[in-house]
Amino acid sequence: MAKFLIKHSSPLKGEIKIGGSKNAVLPVLAASILTEGDCVIQDVPYLSDVLTMEKLLESLGVRVSWDKDAGAVTVSAAGKLRAEASYELVSKMRASFLVMGPLLARLGEVKAPLPGGCAIGSRPVDLHLKGFSAMGADIIQEHGFVRAKARKLKGARVYLDFPSVGATENLMMAAVLAEDQTILENCAVEPEVVDLANFLNSAGADIRGAGTDTIKINGVRELRGTEHAIIPDRIEAGTFMVAAAITRGDITLTNVLGDHLKPVTAKLKEVHLNVMETERGIRVQCSDRKKIVAADVKTLPYPGFPTDMQAQFMSLLTTAEGASIVTETVFENRFMHVGELKRMGADIKIESRSAIVEGVKSLTGAQVKATDLRAGAALVLAAMTASGETEISDIYHIDRGYCQLDEKLNQLGAKIQRVE
Ligand code: UD1
């Protein structure tokens, strides 16, 4: 299995282009099932999670073709589709469960495996299923699969107990072809939800309020093919911002939306980084003081600090001046990186949902393992500041959500070798 060998890096310098958002493109690809027309999707990042979604769509009878140079994908879901998602693909990537809403809306029935837990928590799908049920679907769970059936979904008022991103997206996709109006309350307001709504509206859906906690969807008879460009990946951008900070560098990110990065930018400023919007994009620069200071971080649904940036930010705090408290409120078990960072000399204690990070003078290279996608990115960042060499195994997790992270960081001056 592939590994990274990473040596201590001098301050990163230069400009880097951020790719399209992984978490926005996965639901948009799933939503393409809702129309028989061709959907041309631009700014699609070439990632293994995107390839898994492509395989899943193909297994359902959907045609997917890439124009890799242009970073565009054409999805054609014309003709007869299968109503069953395979266990192999859903267990590989939880976001595969997002085909459930569109298949139910289009075919009136769907069978999909329950995704089960993963490295960061138990991650149930009860909110998705309650919503389908409120819209008139019969739900049966048996042998690890869930079946949903509804000759025609009916608009309903659905209050989500937690503003789940996946549930909001799945229910929004189910509702676009339902009879009458659906109102989703306490729903997620993440930029990826807004991007999905924009895609669906461009295909003829009638969705209002995406980006607020109440979304109203008036069902339409059918959707048509469309063209859509995916928003830039705010988590990839945030990861590069921390890379600049941890190496005390000076880099400019292009293809970014400053608004989506506000919670991360605010924290970087708090630990004494200069973050400036320039004509080219966003410039992150170590301040003259050179010293990063401690800060408390609490993850929350958007526009709070993103849970998907918690591990990377913790790497930065391991060598900050003073003690920081990092509290994870979105997932119950998202501290798998702590044990690995401690192997590199970090001083971290976990107490319930918080990690107390006492800044140390420096980290040291060690053999460590990427336990999930963002935990893996956190180790890459830590390794760039550690003395000596760090070996990171199981980097397939990192490739799920970062397009050539090693090559992009090397362009800025990092020393990362991929060993197959
Ligand atoms: C999405 C993102 C993921 C990010 C997360 C939170 C994608 C493909 N993935 O995941 O990168 O970390 O949002 O920003 O977009 N929950 C329930 N019942 C449900 C659904 C969720 O209890 O039916 C809980 C989860 O266990 C978790 C919390 O709600 O504790 C948030 O999950 P959710 O927002 O649904 O995350 P995902 O959509 O899975």
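In short, a report on the structure. These figures come from a predicted structure and were not determined experimentally. (Residues numbered from 1 in each chain as written. Predicted model: local features only at pLDDT ≥ 70, side-chain atom pairs only at ≥ 80, totals over all residues. Heavy atoms only, no water.)

Overview of the site of the ligand
Filter applied, for reference: Nearness is judged by heavy atoms alone; a residue qualifies as near a molecule or strand once a single heavy atom is within 4 Å of it. The term polar contact refers here to a pair of N or O atoms within 3.5 Å; inside protein, the definition further demands a hydrogen-donor-capable atom paired with an acceptor-capable atom, and it admits residues adjacent in sequence only when both atoms are side-chain atoms. Working definition of accessibility: Shrake-Rupley area with a 1.4 Å probe, residue cover restricted to the visible protein chains. Strands here are runs of E lasting at least two residues and helices are runs of H or I lasting at least four, both read from the DSSP assignment and numbered beginning at the N terminus.
Asp126, Leu127, Ser164, Asp308 and Val330 are the nearest of the 17 residues found near the ligand. Asp308 is positioned with one of its side-chain polar atoms (N or O) 2.6 Å from an oxygen atom of the ligand. Measuring from an oxygen atom of the ligand, one finds a backbone N or O atom of Val330 at 2.5 Å. Relative to its unbound accessible area of 740 Å², the ligand is 85% covered by the protein chains. Secondary structure elements with two or more residues in the shell around the ligand: helix 5 (126–134) and helix 6 (165–175). Considering every element that reaches the shell around the ligand, the biggest residue donor is helix 5, with three residues.

A word on unusual backbone geometry
This is how the line gets drawn: The buried label goes to any residue with under 20% of its type's maximum accessible area, the exposed label to any with over 50%, and the partly exposed label to all in between, with areas taken from a 1.4 Å probe on protein chains only.
Cis geometry is adopted by the peptide bond preceding Pro303, which originates at Tyr302 and carries an omega value of 5 degrees. Tracing the backbone shows Pro303 in the loop between strand 17 (297–298) and helix 10 (310–317). The backbone of His143 shows a phi angle near 50 degrees, a positive value even though the residue is not glycine. Note that His143 resides in the loop between strand 7 (138–142) and strand 8 (145–149). We classify His143 as exposed; its relative accessible area is 78%. Phi angles above zero are rare outside glycine, and His272 is one such case at about 90 degrees.

A look at the packing of helix 8 (residues 234–246) against helix 9 (residues 262–270)
As a reminder of what qualifies: Axes, fitted as lines to C-alpha atoms, cover a helix only where it is in contact. Angles between the N-to-C directions of the axes lie from 0 to 180 degrees. Working definition: roughly parallel below 35 degrees, roughly antiparallel above 145 degrees, roughly perpendicular at 65 to 115 degrees, and oblique for all remaining angles. Residue contacts are defined here by distance: any two heavy atoms, one from each residue, within 4.5 Å place the two residues in contact. Amino acids are sorted into nonpolar (Ala, Val, Leu, Ile, Met, Phe, Trp, Tyr, Cys and Pro), charged (Asp, Glu, Lys and Arg) and polar (every other residue, Gly among them).
Interhelical geometry of helix 8 versus helix 9 gives an angle of 10 degrees and a closest axis separation of 10 Å. When the axes of helix 8 and helix 9 are compared, the pair comes out roughly parallel. Residues Gly238, Met241 and Ala245 of helix 8 touch helix 9, and the partners they reach there are Val264, Thr265 and Leu268. Partitioning the contact of helix 8 with helix 9 into residue classes produces four nonpolar, two polar and no charged.

As for the side chain of Glu54
Put simply, the test is: Asp and Glu count as negative and Lys and Arg as positive, but His and the ends of the chain are not part of the count. Salt bridge, as used here, is a side-chain nitrogen of Lys or Arg placed within 4 Å of a carboxyl oxygen of Asp or Glu.
With respect to the helices and strands, the residue Glu54 is situated in helix 2 (residues 48–59). The side chain of Glu54 is buried and forms no salt bridge, while Lys68, the nearest opposite charge, is found at 8.0 Å. Contacts of Glu54, omitting those with residues within four sequence positions, involve Val64 and Trp66.

Concerning the nonpolar core
Note the following rule: Put simply, a nonpolar core is a bunch of buried Ala, Val, Leu, Ile, Met, Phe, Trp, Tyr and Cys residues held in one set by side-chain atoms that sit within 4.5 Å of each other.
Ranked by internal contacts, the top residues of the largest apolar core, which has 75 residues, are Val99, Met172 and Leu200. Ranked by residue count, the leading element in this core is helix 1 (residues 22–31), at seven residues. Judged by nonpolar contacts, the second largest core, of 68 residues, contains Ala244, Val297, Val326 and Ala370.

Don't take any of this as a statement about function, it's just geometry.
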